[in-house]
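Residue-level structural notes
If you want the building blocks of each chain, they are given just below.
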Amino acid sequence: MTTTTGTTTTTGAFGTARTRVEGREKVTGAARYAGDIPLPDLAHGWMVLSTVARGRISAVESEPVLAMPGVLAVIHHENAPRVNLDYMGMIGKPDPILGVFQSDRVPFMGWPVALVLAERPEQAREAAEALVVRYDQEPHDIGFTSGHPDMYTPPDSPFGPAVASKGDVEAELAASAFVVDSEYTTPEEHHNPMEPHAATAHWDAGRLEVFDSNQGSTMVAAELAQIFSLDAESVRVRSEHVGGGFGSKTTRPHQVAAAMAATVLHRPVRVVMTRRQMFSTIGYRSPTAQRVRLGADDSGRLRALDHRSECVTSTVHEFIERSATVARVMYDADAHYTSDRVVRLDVPSPTFMRAPGEAPGSFALECAMDELAEKTGIDPIELRVRNEPDRGPVSGLPFSSRNLVACYEEGARRFGWADRDPRPGVRREGRWLLGTGMAAASFHSGAGPSTAAVTAEADGTFTVRINAADIGTGARTAINLIAADALAVDPERVRVVMADSDLGPAMLAGGSMGTRSWAWAVAIAVSELRERLALGGDIPPEGITARSDTTEAIGALANKERHSFGAQFAEVAVDVTSGEVRVRRMLGIFAAGRIVNPLTARNQLVGGMIWGISMALHEEAVRDRASGGLVSPDLAGYHFAANADVPIVEADWVDDPDPDDPVGIKGVGEVGIVGAAAAISNAVWHATGVRHRNLPIRPDRVLSAGTNVPEPGHAG
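About the cut-offs
- Residues numbered from 1 in each chain as written.
- Predicted model: local features only at pLDDT ≥ 70, side-chain atom pairs only at ≥ 80, totals over all residues.
- Heavy atoms only, no water.
- Pairing = 2+ DSSP bridges.
- Helix = DSSP H or I, 4+ residues; strand = E, 2+ residues; numbered from the N terminus.
- Buried < 20%, exposed > 50% of the residue type's maximum accessible area, 1.4 Å probe, protein only.
- Contact = heavy atoms within 4.5 Å.
- Axes fitted to C-alpha atoms, helices over the stretch in contact; angles between N-to-C directions.
- Phe/Tyr/Trp six-rings, centres within 6.5 Å; stacked < 30°, edge-to-face > 60°.
- Lys NZ or Arg CZ within 6 Å of the ring centre and 35° of its normal.
- Expected span 1.5 Å × (residues − 1).
- Patch = residues over 30% accessible without salt bridge, like charges linked within 9 Å, V, L, I, M, F, W, Y side chains within 5 Å.
- Areas by Shrake-Rupley, 256 points an atom, 1.4 Å probe, with all protein chains shown as cover.
- Salt bridge = Lys/Arg side-chain N within 4 Å of Asp/Glu carboxyl O.
- Core = buried A, V, L, I, M, F, W, Y, C linked by side-chain atoms within 4.5 Å.
- 1 Å grid on protein atoms, 1.4 Å probe; cavity = no way out; pocket = protein on both sides within 12 Å on 5 of 7 lines; lining within 4 Å.
- Points joined across faces, edges and corners; volume = space filled by probe spheres on them.
- Nonpolar A, V, L, I, M, F, W, Y, C, P; charged D, E, K, R; others polar.

A short note on the pairing of strand 4 (residues 55-61)
- With two bridges joining them, strand 4 and strand 6 (residues 105-106) adopt antiparallel strand pairing. Across the sheet, residue Arg56 finds its bridge partner in strand 6, namely Arg105.
- Bridge count between strand 4 and strand 8 (residues 132-137): six bridges; the pairing is antiparallel. Along strand 8, the bridge assignment pairs Glu61 with Val132.

Structure, rendered in structure tokens:
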């Protein structure tokens with residue numbers, strides 16, 4: 001519907017629920033993913049990964065494999081083209097795993113050691129499984145424990161300092177009326193996007209072209225150019241459709257292997273990772289061991305907040321799961337201390353995974369706040385409200401906006417929190433103990449420099465060109481609505497072209513920054529285009545194009561604390577005789593800026609909350625200390641929430657536009673998982689009277705912990 005008010009025409013596109021513009025393509029199978037692109041004379045590569053956790057390759061017995069039907073070549077450290085890893089990428093120094101087949105050194109089980117190339121994927125797989133690789137094995141250490149003797153404090157990085165503090169924590173704890181001192185652990189967790197990682201590479205007129213499944217073609221193209229010592233213009237990366245990423249689909253070894261193989265064979269090559277291979281080559285969330293100490297006065301006001309987290313990285317690349325960072329934002333206290341420490345082990349490198357840092361960090365912090373509420377006798381929501389900061393608790397910076405209290409209030413009203421009896425174990429339903437819990441959430445809201453072009457076509461339509469990535473979030477639809485709203489036209493008149501590095505640099509789909517960054521660039525380009533169209537005159541056949549670059553505008557932003565916030569509520573049922581924990585309902589209320597498309601935004605938030613159910617009750621990757629590898633690295637052994645595990649899950653939001661953003665957007669991609677596991681864990685305590693500080697809350701842990709509430713008919 002189009003309406004006119006005064007001289008301003010609006011379409012109502014922004015903020016209306018719209019189905020995905022590519023939805024029909026996806027449900028009919030017409031959407032093409034990286035493993036679907038047809039190319040003539042296509043060869044297929046199959047990765048061979050190390051079967052030892054530490055050592056050196058002593059031999060690659062490729063001759064028998066080369067005699068197998070259809071096999072074209074075996075690339076390994078003795079014959080692979082040399083590559084360059086001496087560069088600084090968009091997110092830091094590259095992980096050495098990108099330097100595939102460059103050395104005989106093996107730093108962990110699952111390290112790429114060879115690529116078998118064949119005419120058909122079945123031939124490549126059979127040959128890869130037959131390839132014998134011999135090793136000189138060395139002792140390995142994969143055992144992560146709190147206080148590991150090799151734990152160290154990493155240097156500061158662009159993501160923030162490893163240690164931040166103010167005041168005297170020990171003195172404030174000593175003077176506190178109430179003290180919580182608890183330790184929490186979270187396990188190794190894996191991304192498992194629906195679409196496996198895949199890349200198809202070929203050379204076209206001296207130019208490397210890659211069809212890839214990634215979260216940002218700008219980044220992947222730039223890194224491939226660096227790795228192969230090419231001019232930036234000599235690499236083109238396209239990602240028509242991407243079936244999920246969650247932080248894992250950046251530059252990975254399969255892309256390098258495909259490009260390398262295309263160079264060796266002088267023909268197109270496709271490499272698709274198997275599900276099992278993805279467990280060691282695409283990154284994961286590090287396990288954490290966290291200690292939280294809270295000290296409060298008689299009124300529940302925090303005097304001390306001490307959050308210390310430890311995590312794992314590989315021996316070849318440093319990645320820090322910054323779990324303590326969330327505490328620097330959430331609550332005020334007279335004294336703050338937060339630190340993230342790490343130990344190098346013979347394991348694959350962890351990486352960004354949905355809400356990195358905040359997801360495991362919020363579990364520890366929000367459970368500790370619930371423990372403090374229990375000790376003080378203050379309602380968990382009221383306790384949090386009493387400790388609301390008016391500025392960044394550690395940074396001292398103003399918040400761009402912070403409507404967290406409104407989330408508490410709306411969530412409490414809709415969840416029925418006022419009817420909650422705070423005593424644990426008082427609600428029963430047959431064999432089930434019932435409980436409710438809540439937790440707060442936050443996730444950083446940033447923006448990255450991006451470019452965009454908007455063309456007014458001669459036929460009255462508009463074309464938006466931006467190198468955004470739609471990883472299943474509905475980004476195409478969001479950009480369509482943003483552009484239509486800015487142009488004051490119906491969305492049907494706007495076409496979006498995206499996910500092609502030739503379109504110019506743009507922010508990747510990560511850190512909940514994608515839509516905000518792209519919207520900013522589109523808004524500026526549309527503003528310029530409208531000025532040019534206002535001058536009048538006919539539109540030429542090639543159209544009129546306006547371009548934007550937000551680098552200067554984003555660089556000029558005032559230094560503030562910018563975050564999306566939320567309040568999570570959960571109701572659980574626990575059977576302590578079987579160990580079952582069932583989440584009956586969840587509600588999340590969020591303050592996440594202006595909502596572009598309620599349909600896809602709610603999808604993102606609910607998806608994050610369901611992931612929180614997985615995190616609380618199911619997800620856990622277990623490493624075998626003898627071999628150094630994962631036990632059952634597949635979806636049979638690594639369980640996550642399925643339809644049967646998902647109850648009533650509702651997500652909504654309060655009004656929260658960002659005044660410093662031209663479109664008012666923040667981000668919804670990651671805040672939905674933050675606090676979700678804590679809300680469930682707090683609900684389990686409310687049901688049973690037992691605190692579970694180690695995730696996941698497995699049936700065996702419930703059985704061994706029992707309950708601290710009396711049986712019906714017995715005195716407490």
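Some words on the environment of Gln277
- Assignment of secondary structure puts Gln277 in helix 7 (residues 275-281).
- For Gln277, a relative accessible area of 8% gives the class buried.
- A sequence separation of 126 residues divides Gln277 from Asn403, and the C-alpha atoms of the two residues are 43 Å apart.
- When residues no more than four places from it in sequence are discounted, the contact partners of Gln277 are Trp46, Met47, Leu49 and Val272.

Comments concerning the sheet that holds strand 26 (residues 648-653)
- Taking strand neighbours across the sheet as the criterion, the five strands line up as 18-19-24-25-26 in an open arrangement whose pairing is mixed. The sheet is open, and its two edges are formed by strand 18 (427-429) and strand 26, each paired on a single side. Between one strand axis and the next, the sheet turns by 25° as a mean value, whatever way the strands run.
- Relative to the sheet, helix 16 (residues 676-688) contacts strand 19 (432-444), strand 24 (563-575) and strand 25 (580-591), its axis offset from that of strand 19 by approximately 155°.

Some remarks on the packing of aromatic side chains
- Applying the stated criterion across every chain yields a total of nine aromatic pairs.
- When the centroid spacing of 6.1 Å and the interplanar angle of 70° are considered together, the rings of Phe399 and Phe565 count as edge-to-face. Residue Phe399 is found in the loop between helix 10 (380-386) and helix 11 (404-415), and its partner Phe565 is found in strand 24; the two are separated by 166 residues along the sequence.
- The class for Phe565 is buried, based on a relative accessible area of 0%.
- Clustering of aromatic rings is evident, with ring pairs tying together Phe159, Phe319 and Phe352.
- Over the face of the ring belonging to Phe399 we find Arg402, whose NZ or CZ atom lies 4.8 Å from the ring centre.
- Against the face of Tyr284 rests Arg623, its NZ or CZ located 5.8 Å from the ring centre.

A word on helix 16
- The terminal C-alpha atoms of helix 16 lie 19 Å apart, and with 13 residues this matches the ideal 18 Å at 1.5 Å per residue to within 8%.
- Summarising burial for helix 16: 13 of the 13 residues are buried, a large majority.
- Positioned one or two residues after helix 16, Gly689 has a phi angle of 80°, which is positive.

Overview of a nonpolar patch on the surface
- Residues Met90, Ile91 and Phe159 make up a contiguous nonpolar surface patch of about 280 Å² in total accessible area.
- Looking at the secondary structure, you find Met90 in the loop between strand 5 (71-76) and strand 6.

Looking at the nonpolar core
- Counting residues in hydrophobic clusters, the biggest one holds 84 residues, and the most contacted among them are Leu294, Tyr331, Val572, Met586 and Ile680.
- If near-sequence neighbours (up to four positions away) are discounted, Leu294 is found in contact with Leu173, Phe178, Val179, Val180, Leu302, Ala304, Leu305, Ala368, Met369 and Leu372.
- Grouped together as the second largest cluster of nonpolar side chains are 61 residues, Leu49, Tyr87, Ala114 and Ala259 included.

Overview of the layout of surface pockets
- As a volume, the second largest pocket reaches approximately 560 Å³.
- Lining the second largest pocket are 21 residues, and of these Leu49, Ser50, Thr274, Arg276 and Gln277 lie nearest its centre.
- For the lining of the second largest pocket, a count of residues per class yields nine nonpolar, eight polar and four charged.

Thoughts on helix 6 (residues 253-265)
- In a regular helix each residue adds 1.5 Å, so 13 residues correspond to 18 Å; helix 6 covers 18 Å between its end C-alpha atoms and thus fits that length.
- Residues of helix 6 that are buried: Pro253, His254, Gln255, Val256, Ala257, Ala258, Ala259, Met260, Ala261, Ala262 and Leu265.
- Downstream of helix 6 by one or two residues, His266 has phi in the positive range, about 60°.

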